[in-house]
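Read off the chains here:
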Amino acid sequence: PSVKPRLLPKHVMLQCSPYYALKYTLDLRSLPKKSLLTFLAEHCGDEREGDCLRFLSSKEGSKELNDLIYSRSLTLIEILSLFPSCSPPFSCLLQYLPRLTPRYFSVSRISEHGVRFVFNHVTNIR
């Protein structure tokens, strides 16, 4: 799909594939902002699903938003699974996804004895 340059966030290159954008520049695992939920509501085929997303993104729906999405750490993919009639256009969805930031460490194992971390160590060799 052709995307007008002004619609792309600065962190998405103009000439890249959707695969590249999703894998290397956009964070699909972050918690969604209310503006993303409002956008998704506009693209639901089922009116009840759209109403639910609009409610979750409203002041009145803050408790339910916390209970349903934030406390369970639901991502965009999981939200789309919960609202199957939601089919946002990819080119517009790009505006609502945050930049993928580097992970300086990862949790590699959690046990009763503690947590084990893995760190990235980069050395600039010239």
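So, a few notes on the structure that sits alongside this text. (Residues numbered from 1 in each chain as written. Predicted model: local features only at pLDDT ≥ 70, side-chain atom pairs only at ≥ 80, totals over all residues. Heavy atoms only, no water.)

**Quick notes on the packing of helix α2 (residues 34-41) against helix α3 (residues 47-56)**
The line we're drawing: All axes are obtained by fitting lines to C-alpha atoms, using only the stretch in contact for helices, and the reported angles, taken between N-to-C directions, cover 0 to 180 degrees. Here a helix means four or more residues in a row that DSSP labels H or I, a strand means two or more in a row labelled E, and each is numbered from the N terminus. In these notes the angle categories are as follows: under 35 degrees is roughly parallel, over 145 is roughly antiparallel, 65 to 115 is roughly perpendicular, and the rest is oblique. We call a crossing left-handed when the near helix sits turned anticlockwise from the far one by less than a right angle, and right-handed when that turn is clockwise. Throughout, a residue-residue contact means that at least one pair of heavy atoms, one from each residue, lies within 4.5 Å. Each residue is assigned to one of three groups, with Ala, Val, Leu, Ile, Met, Phe, Trp, Tyr, Cys and Pro labelled nonpolar, Asp, Glu, Lys and Arg labelled charged, and all others, Gly among them, labelled polar.
Between α2 and α3, the least distance of the axes is 8 Å, while the angle of their chain directions is 160°. Taken together, the axis directions place α2 and α3 in an arrangement best described as roughly antiparallel. Here α2 runs over α3; the crossing is left-handed. Of α3, the residues touching α2 (which contributes Lys34, Leu37, Leu40 and Ala41) are Gly50, Leu53, Arg54 and Leu56. Looking at the contact of α2 with α3 residue by residue, the classes come out as five nonpolar, one polar and two charged.

**Overview of the pattern of salt bridges**
Put simply, the test is: A pairing counts as a salt bridge when a side-chain nitrogen of Lys or Arg comes within 4 Å of a carboxyl oxygen of Asp or Glu. We call a residue buried when its accessible area falls under 20% of the maximum for its residue type, exposed when it is over 50%, and partly exposed in between, using a 1.4 Å probe and counting protein chains only.
Taken as a whole, this structure holds four salt bridges when the rule is applied. Put simply, Arg48 and Asp46 hold a salt bridge, and the shortest N to O gap is 3.4 Å. Judged by relative accessible area, which is 66%, Arg48 ranks as exposed. Residue Lys63 pairs with Asp67 through a salt bridge whose shortest N-O separation is 2.6 Å. Pair noted here: Lys63 and Asp67 are both in helix α4 (residues 62-70), with a separation of four residues, about one helical turn.

From the geometry alone we can't say anything about function, so treat these as descriptive.
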